[in-house]
Number of protein chains: 2
Amino acid sequence: MAVTKADNQYLDIEERVNKIFSPERGSMQFCPVKDILGHFADKWSIFTILALGKREKLRFNELKEMVEGISQRMLTVTLRSLEENGLVERKMYQEIPPRVEYWLTPLGRSLLEKILELASWSSMNMEAIVEARNKFAAKK
Amino acid sequence: MAVTKADNQYLDIEERVNKIFSPERGSMQFCPVKDILGHFADKWSIFTILALGKREKLRFNELKEMVEGISQRMLTVTLRSLEENGLVERKMYQEIPPRVEYWLTPLGRSLLEKILELASWSSMNMEAIVEARNKFAAKK
DNA sequence: CCGTATCCGAAATGATACTG
DNA sequence: CAGTATCATTTCGGATACGG
């Protein structure tokens, strides 16, 4: 039986996915990749990383201005999480009033690249998605 | 004053981000890109898309098996959302017992590519992240 | 088999007040 | 300025029961 190009397409994807989530890299019960993906797959992390990408360093309130709609609490929580995962560094100056600076680590900058591509995809396909939504709503 | 290569790096990123979230593409108050990004930036959508990528078509319970830990409810909710946004198509056969098939649209497949890169990044940088977490925990 | 409907507890997030 | 602490609210998600 011939193996078509189309068949190979799915086998290829399956192979890539399986490689990423391979058992050697963690049990199925606690997969580190799932854990890591789950950690950054939220809008505040994504928008915070995008904001941090714009400058070399940023202060807390500068970030709060740039990440629209984020509360002080969620910015704190998000930054701590990013710091904990090695994507962001934080430096506090012992001055009055206090000054705190945040910036992306090289690891953070490498993730930024992927997030930019995702954001770019959203931007490019916006019309198609809005159209799909309207079509879906009309069917109901 | 000389503009260094490093300076240009941040200006470049800022330009790219601003272009993606440009005002012409939606007001700051309701930015479609933010809306769209927010929609797919959750783990169930991401893992469901990855699972769908593995095959041409999949039935509901096949998907439920593949997306580990997902409940029937969340799979339904996630699939409806993906369908609503034009990433997934659904076909129901009027048989008994009923059979329903889901598959990625071309739009969905293009997003899959970006998600694969994100997942791949997670996989590649797993060790660095775990190390960062340990270092962070030790500092406390 | 593939859902929907409902309820409920847990977790995420916002609002507000307070502090070094 | 840059948080922390607390409380209120909303949202998420699991469990269960039922239906086409």
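*Asks:* I'd like to hear about the side chain of A:Thr78, residue by residue, with values.
*Replies:* All names here are of chain A. Following the sequence through the fold, Thr78 ends up in helix 5 (residues 72–84). According to the relative accessible area criterion, Thr78 is buried, its value standing at 5%. The contacts of Thr78, once residues within four sequence positions are left out, are Trp44, Ser45, Thr48 and Ile70.

*Asks:* Mind laying out the protein's contact with DNA strand D, listing which residues take part and the relevant values?
*Replies:* Contacts to DNA strand D come from 18 residues, most closely from A:Arg59, A:Gln72, A:Arg90, A:Tyr102 and B:Ser71. Looking at DNA strand D alone, sugar and phosphate atoms form 63% of those within 4 Å of the protein. Within the contact set of DNA strand D, a phosphate oxygen lies 3.0 Å away from a backbone nitrogen or oxygen of A:Asn61. Note that a sugar or linking oxygen of DNA strand D is positioned 3.3 Å from one of the backbone N or O atoms of A:Pro98. A per-element tally of the surface near DNA strand D places helix 5 of chain A first, with four residues.

*Asks:* Now, about the protein's contact with DNA strand C: what can you tell me, with residues and values included?
*Replies:* Around DNA strand C sit 18 residues, and of these A:Met74, B:Gln72, B:Thr76, B:Arg90 and B:Tyr102 come closest. What you see for DNA strand C is that sugar and phosphate hold 62% of its atoms within 4 Å of the protein. At 3.0 Å, a side-chain N or O of B:Arg59 approaches a phosphate oxygen of DNA strand C. For DNA strand C, a phosphate oxygen lies 2.6 Å from a polar atom in the side chain of B:Tyr102. Of all the secondary structure elements, the ones that give two or more residues to the surface near DNA strand C are helix 5 of chain A together with helix 4 (60–66), helix 5 (72–84) and strand 3 (99–104) of chain B. A per-element tally of the surface near DNA strand C places helix 5 of chain B first, with four residues. When the residues that make up the surface near DNA strand C are grouped by side-chain class, the tally is eight nonpolar, five polar and five charged.

*Asks:* A description of the pattern of salt bridges should follow, citing residues and the corresponding values.
*Replies:* Close approach of charged atoms allows side chains of opposite charge to pair. For the structure shown, the criterion picks out 12 salt bridges over all chains. In this structure, B:Glu113 and A:Arg16 form a salt bridge, with 3.4 Å as the shortest nitrogen-oxygen distance. Placement of the pair is B:Glu113 in helix 6 (residues 106–124) and A:Arg16 in helix 1 (residues 5–20), with the two residues belonging to separate chains. A salt bridge links B:Asp35 to A:Arg133; the nearest nitrogen and oxygen atoms lie 2.7 Å apart. Of this pair, B:Asp35 sits in helix 2 (residues 32–40) while A:Arg133 sits in helix 7 (residues 126–139), on two different chains. Its relative accessible area of 22% is what places B:Asp35 among the partly exposed residues. For A:Arg133, a relative accessible area of 19% translates into the label buried. A cluster of three or more residues bridged by salt bridges with shared partners is formed by A:Glu95, A:Arg99 and A:Glu101.

*Asks:* Pulling in residues and values, what's your account of helix 3 (residues 43–53) of chain A?
*Replies:* Buried residues dominate helix 3 of chain A, accounting for 10 of its 11 residues. Regarding helix 3 of chain A, the residues found buried are A:Trp44, A:Ser45, A:Ile46, A:Phe47, A:Thr48, A:Ile49, A:Leu50, A:Ala51, A:Leu52 and A:Gly53.

*Asks:* An account of the environment of A:Ser22 is requested, with residue identities and associated values reported.
*Replies:* Residues and elements named next belong to chain A. On the secondary structure map, Ser22 appears in the loop between helix 1 and helix 2 (32–40). For Ser22, a relative accessible area of 8% translates into the label buried. Each C-alpha atom of the pair Ser22 and Val33 lies 9.4 Å from the other, and the pair is 11 residues apart in sequence.

The rules behind the values
Residues numbered from 1 in each chain as written. Chains lettered and ligands numbered in written order. Predicted model: local features only at pLDDT ≥ 70, side-chain atom pairs only at ≥ 80, totals over all residues. Heavy atoms only, no water. Helix = DSSP H or I, 4+ residues; strand = E, 2+ residues; numbered from the N terminus. Buried < 20%, exposed > 50% of the residue type's maximum accessible area, 1.4 Å probe, protein only. Contact = heavy atoms within 4.5 Å. Near = heavy atom within 4 Å. Polar contact = N/O pair within 3.5 Å; in protein donor to acceptor, adjacent residues only side chain to side chain. Nonpolar A, V, L, I, M, F, W, Y, C, P; charged D, E, K, R; others polar. Salt bridge = Lys/Arg side-chain N within 4 Å of Asp/Glu carboxyl O.

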